[in-house]
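What follows is each chain in one-letter form.
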Amino acid sequence: MILQGLMAVFQPLTVLWIAVGVVVGIIFGAIPGLTATMAIVMFLPVTYSMSASQGIATLMALYIGGISGGLISAILLNIPGTPSSVATCFDGKPMANKGQAGKALGTGVVFSFVGTIIGIAILVVLAPVLCAFALKFQAYEYCALALFSLSMVVALTGTDMPKGLISAVLGALLATVGLAPIDSRPRFTFNLFQLNNGFALVVLLIGLFAISEVMSFAESVRRKQDFTIEQNVKMKGAGFSLAEFIAQIPNAIVSALIGVGIGILPGIGGGVSCMISYTVSKNTSKHRELYGTGIMDGVVASETANNATIGGAVIPLLSLGIPGDAATAMLLGGLMIHNVAPGPLIYEKNGAVVYAIFFAMLLSAVFMLLFMLWGMRFFVSVLKVPKNYLLPIVMVLCGIGAIGNANQLFDTYTMVGFGLMAYLMIKAKIPTVPMILGFILGPTFEENLRRVSQLASSDKFYNHPIFCVLIVATVLVIIFSARANIKDAKREEMAGE
Amino acid sequence: MKKLFFALVLVTILATSAFAAWPEKTINIYITHAAGGDTDYMARQLAANLEKVLGVSVVCTNVTGANGATCMTQYKDGNKDGYTFIATNTAALNGNEATGMVDFGYNAFEPVAVYGIQSGENIVVHASSPYKDLRELIDASIANPGQIKLGISTGGGVYIMACVLANLGHAQFNIIDNGDAANRLTALLGDAIDATSLPYSTAADYIEKGQLRSLCTVLSKAPTLIPNQPSASAVVPELKMDTEYALLAPKGTPAEIVKAMNDAVLKVCGTPEWKEMVNKFSFQDPFYFDVEGTLNNLKEQRDLFQSFVPILEIN
Amino acid sequence: MKKRDNYKLDIVPGVVLALFALFYMSQIPGIKVFKGLGSTPLNNHFIPWLWGGALLTLSLWLIVRGILKYRRVKAEGKLSNEGSLLKSLSDEREVILSFIALIIYVAFMESVGFIIMTCVYVFAQILILTPTEKWAKNIIPALITAVITGCLLFYIFRSVLNVLLPVGMFGFGL
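Residues numbered from 1 in each chain as written. Chains lettered and ligands numbered in written order. Predicted model: local features only at pLDDT ≥ 70, side-chain atom pairs only at ≥ 80, totals over all residues.

**Student:** Where do I start with the overall build of chain A in this structure?
**Tutor:** Looking only at helices and strands, one finds 18 helices and two strands in chain A. Against the 2.2 N^0.38 benchmark of 23 Å for 497 residues, chain A shows a C-alpha radius of gyration of 22 Å, consistent with a compact globule. Projected onto its principal axes, the C-alpha coordinates of chain A cover approximately 70 × 60 × 50 Å. Contacts in chain A between residues far apart in sequence, at least 24 positions, make up 79% of those at least 6 positions apart. (Helix = DSSP H or I, 4+ residues; strand = E, 2+ residues; numbered from the N terminus. Rg over C-alpha atoms; globule rule 2.2 N^0.38 Å. Contact = placed C-beta atoms within 7 Å.)

Rendered as structure tokens:
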């Protein structure tokens, strides 16, 4: 069966499709506004006419390429290409500003590969065990998990806590627009049916990052003489030394485990995993004050985790037929259409396809590494395009992404609205990143809290050990992060005086 | 008299030539559900085959959200030139109206054709549970009111099913919301609920593996390729939830074009390749109606769903 | 300017957000509550009240903090006179123009169509982001970039990838 899977993948046409998928995925991932999910949505119908192995292999390639491609624009433009690379901006862009764009890209690419491989390894070896664990997560556990992840906001806010919290709450509040979870009653839609779907994460990201980047450039028009950011970017190998690589291994392993863990639990996704692993990496590091100034560790944490999430998300997808996020939901559709029903019998009924998926993922990861390392010279040359030409084109692509997300022109209006909001937030020194966590996790929290309220009469919380552990962990995270924040604020104050 | 006759002939020629030319450009089909789902797959299969019959390209676009309500709201008054169609399923079309998600039904469109039927949902329990059929499950819930947890997705077809079970079948379940099919499956496997309804395609492997047990199908008649299943309607007569795939046109699309499109759909559905595809995909034989049959079929289903409105307790 | 002197950055956003929170909460009673089978004890009003209330509390915190800062600054007699509103608006004219361009772009995209609006927008945005003294040198390249961007992206996304980009009144691109 393993051999069958191998044979299915290593046919010239399938290999070609995987290569095409990876390249298209990287392009979709790299362009702000176009995401890995969108790439899969657009190419899913193309795979209807392929064989099962070929179709799924192509979709996997798009997925892996798409998640990896996001780091390019995050590092070079400070605009995350996909939700999964939000945290890559934190240190990636400062590195690029210091003239280390090549090193940042190299780090991102190599550790994306490492993350993908660790994810696949765990997928192949531990899938059945982890599925049993994932099944333990029901309403209570998800409710606590959402709270726990939200508590990371406190760590992400930096020194101005009320403003960080405001950002997160505002995100959660925006996410209440649209049909309410569970009962599908419209909320805050003002009778506009276009608002029934609520706001899309990708549209929010465009507003928060892409538009605000254009505006911050617009502010500097009369001050800047040189429109190309960097003239000389030296590229040698992957841009960093073997010693540096080895030094990052513990960080990478922790981040990969966080990524896989979040991937296994349906409904959270790569956007959260990169931020959590960044926060964990920062708060456990010996030099936490350097995070955000442009060090490898930050890029490693974010990129390893988001790619490891892929392997994690595929575990419940294949073994239970439960998709972890929008992208894997599309993959599930892709599998069903080829009459491969994920679930307990997938190894018995479609073993060859499963192994084909594993090999396709492996091959996609290798292709991703090769293409991105090879393409780095080319990516960096994007920096040589004058920004006053580059940014308008990026904006148009963002507009297309907003339209393409649900084929609704209306989303471009919300895109501009979010851009205006982001600009004002930045002016008011309110951080924008916590907003994303609030936006993603708010609905998860609400849905499960309300389910818990349904269950509470018959099923008490103390019967749920995972729930209790997570709640205690949440409290601890809040206390320790708040203390660290206050310390940082004092230090800043001292430096300011 | 002669003049009038000529005028009449001229008009007829003009009129027929205008329609005879149809189709002369790309046809757009807007799919109400996301890529990867059964509604999308069936619509795209239909479109690919229509291209061969009609000789023009047929482009599919997914406009998703709110169980298809977004797309239907947007295109019910869309372009009436005969190049705009909406592909959806009848559970969304009639269900959204019954649950009050939208205030219009199939009458807001020019129905073109019903062109397929789903493999349906099954009521399933854990294999270790003592209930062997729907009757036993309902009786057990009556014996222990509020103790048997039934997982549903509020507002959708499964919700309607639960309401019918509770009001017309007199069951007394503890209703728990679990969200979509994948989440209901998780909850059932994780012992968070005792019973739920799952699409046959989702549940099949678990049933085969002996982890889950199907009590009945909620289709009015078991799929042709998996015939040996009891129907829920044997226990609760009103419980018939047939999800069919339907092609609609915006209101006001000329009847000639609707007829021509229906002819093309019927031609597609009559081919052996189509039969092979639906056999494989939904365990059903080809299922389709002409324009009039489509209207009757939709009316029948809508009447059934509307009869549930009093028991749905929406608002 | 030292961080703690910056009371305006607390008071202004605080007031705006507080008003927004009040508006948000004023809309909550109008949401239809679901009372059907399996309705949850915590209904769909609960979380909006929670977030709305949290936002109001936090923005009041900001306002109070801002007022405290203001008092301290005033006591130290370091209240600075800032330039007029008009001047600060003119300082940010590129930003304002960019937003106007963006708004016009999306507002007219449906009626005029993607290609034309994209060409116009890209051209305008490039010039906005270019210092005026360099305009002469940039007009032709900007025009070429705009036209290529509009046509190429329309072709790729509308014709190849089936994204519903608006064709507009001229019916281009079919």
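Following the structure, the description resumes.
**Student:** What's the story with the sheet that holds strand E8 (residues 195-199) of chain B in this structure? I'm lost.
**Tutor:** Note: strands within a sheet are paired through backbone hydrogen bonds, in either parallel or antiparallel orientation. Residues and elements named next belong to chain B. Strand order in this open sheet of five strands is E7-E6-E8-E5-E9, and the pairing throughout is mixed. Unpaired on one side and paired on the other, strand E7 (174-177) and strand E9 (212-217) mark the two borders of the sheet. With strand direction ignored, the average angle separating the axes of adjacent strands in the sheet is 35°. Relative to E8, strand E5 (residues 121-126) runs antiparallel, the two being bridged by five bridges. Bridging from a neighbouring strand, Glu121 pairs with Pro199 of E8. Sitting on the sheet, helix H7 (residues 181-189) touches E5, strand E6 (149-152), E8 and E9, and the angle it makes with E8 is about 140°. (Pairing = 2+ DSSP bridges. Axes fitted to C-alpha atoms, helices over the stretch in contact; angles between N-to-C directions.)

**Student:** Sorry, what's going on with helix H4 (residues 52-77) of chain A here?
**Tutor:** Residue pairs spaced three or four apart in an α-helix point in one direction, given the helix's 3.6 residues per turn. Here H4 of chain A spans 38 Å end to end across 26 residues, near enough to the 38 Å set by a 1.5 Å rise per residue. Taken across its 26 residues, H4 of chain A has 26 buried, putting it largely inside the fold. (Expected span 1.5 Å × (residues − 1). Buried ≥ 20, exposed ≤ 12 C-beta atoms within 10 Å, placed from the backbone.)

**Student:** Where do I start with the interface of chain C and chain B in this structure?
**Tutor:** One widely used convention gives an interface's size as the accessible area the parts lose upon coming together. Each partner contributes residues to the interface: chain C has eight residues there, and chain B has 14 residues. Along the lines of polarity and charge, the residues of the side of chain C that touches chain B split into two nonpolar, four polar and two charged. (Nonpolar A, V, L, I, M, F, W, Y, C, P; charged D, E, K, R; others polar.)

**Student:** I keep staring at the interface of chain A and chain C and nothing clicks. Help me out?
**Tutor:** Listed as interface residues are 50 residues of chain A and, on the opposing side, 53 residues of chain C. Going through the elements one at a time, helix H8 (161-174), helix H9 (201-219), helix H15 (387-406), helix H16 (410-427) and helix H17 (433-455) of chain A are the ones with two or more residues in the side of chain A that touches chain C. Ranked by the residues each element gives to the side of chain A that touches chain C, the list is headed by H15 of chain A, at 11 residues. Of the residues in the side of chain A that touches chain C, the class split is 31 nonpolar, 10 polar and nine charged.

**Student:** Teacher, can you tell me more about the environment of Arg288 of chain A here?
**Tutor:** Residue and element names in this part refer to chain A. By the element assignment, Arg288 lies in the loop between helix H11 (270-284) and helix H12 (296-320). Accessibility expressed as a C-beta count within 10 Å gives 14 for Arg288, which makes it partly exposed. With 47 residues separating them along the chain, Arg288 and Leu335 place their C-alpha atoms 43 Å apart. With residues up to four places along the chain from it excluded, the contact list for Arg288 reads Lys282 and Asn283.

**Student:** Would you mind going over the domain arrangement of chain B with me for this structure?
**Tutor:** All names here are of chain B. As far as domains go, chain B holds domain 1 (22-118 + 242-312) and domain 2 (121-234). Computed from C-alpha coordinates alone, the two centres of domain 1 and domain 2 are separated by 28 Å. In this assembly, 14 residues from domain 1 lie in contact with 13 residues from domain 2. Counting only elements with at least two residues in the side of domain 1 that touches domain 2, the list comes to helix H4 (90-98) and helix H11 (291-312). Considered class by class, the residues forming the side of domain 1 that touches domain 2 number six nonpolar, six polar and two charged. (Domains from an automatic or database assignment.)

**Student:** Help me out: how do you make sense of the packing of H4 of chain A against H12 of chain A in this one?
**Tutor:** For any two helices packed against each other, one specifies the crossing angle of their axes together with the interaxial distance. All names here are of chain A. Across the interface, H4 lies against H12 with an axial gap of 10 Å and an inter-helix angle of 165°. On the basis of the axis angle, H4 is roughly antiparallel to H12. Where H4 crosses over H12, the two elements pack in a sense that is right-handed. Taking contact as the criterion, the partners of Tyr63, Ile64, Ile67, Ser68 and Leu71 in H4 are, on H12, Glu303, Asn306, Asn307 and Ile310. (Parallel < 35°, antiparallel > 145°, perpendicular 65-115°, else oblique. Left-handed = near helix turned anticlockwise from the far one by under 90°.)

**Student:** Help me understand the sheet that holds strand E3 (residues 84-89) of chain B in this model?
**Tutor:** All names here are of chain B. Here we have five strands laid out as an open sheet, ordered E2-E1-E3-E10-E4, and mixed in their pairing. The open sheet terminates on both sides in strands that have one partner only, identified here as strand E2 (58-62) and strand E4 (109-117). Sheet twist, expressed as the mean angle between neighbouring strand axes with direction ignored, is 25°. Where E3 lies against strand E10 (residues 244-250), four bridges are found, and the strand directions are antiparallel. Paired with Thr88 across the bridge in E10 is Ala246.

**Student:** Would you mind going over the pairing of E6 of chain B with me for this structure?
**Tutor:** Every other side chain in a regular strand lies on the same face of the sheet, so the side chains alternate between the two faces. Residue and element names in this part refer to chain B. In E6, alternate side chains face the same way, and those of Lys149 and Gly151 on one face and Leu150 and Ile152 on the other are all buried. As paired elements, E6 and E7 share four bridges and run parallel to each other. Note that in E7 the partner of Gly151 across the bridge is Ile176. Pairing of E6 with E8, which is carried by two bridges, proceeds in the parallel orientation. Bridged to Gly151 within E8 is Thr196.

**Student:** Mind showing me how you'd approach the pairing of E8 of chain B here?
**Tutor:** Within E8 of chain B, five of the five residues are buried, leaving the element largely enclosed by the surrounding structure. Across the two faces of E8 of chain B the burial is the same, with Ala195, Ser197 and Pro199 of chain B and Thr196 and Leu198 of chain B all buried.

**Student:** Please explain the environment of Phe90 of chain A as it appears in this structure.
**Tutor:** Residue and element names in this part refer to chain A. Take Phe90: it is sitting in helix H5 (residues 86-97). The exposure class assigned to Phe90 is buried, which follows from the 25 C-beta atoms found within 10 Å. Here the alpha-carbon distance between Phe90 and Pro266, two residues 176 residues apart in the chain, equals 26 Å. The contacts of Phe90, once residues within four sequence positions are left out, are Tyr278, Gly292 and Gly298.

**Student:** Looking at this model, I keep getting lost on unusual backbone geometry. Mind explaining?
**Tutor:** One can expect most non-glycine residues to show negative phi and most peptide bonds to be in trans. Residue and element names in this part refer to chain A. Although it is not a glycine, Asn78 sits at a positive phi angle of roughly 65°. With respect to the secondary-structure elements, Asn78 resides in the loop between H4 and H5. The phi dihedral of Phe190 is positive, around 50°, even though this residue is not glycine. Here Phe190 lies in the loop between strand E2 (186-187) and H9.

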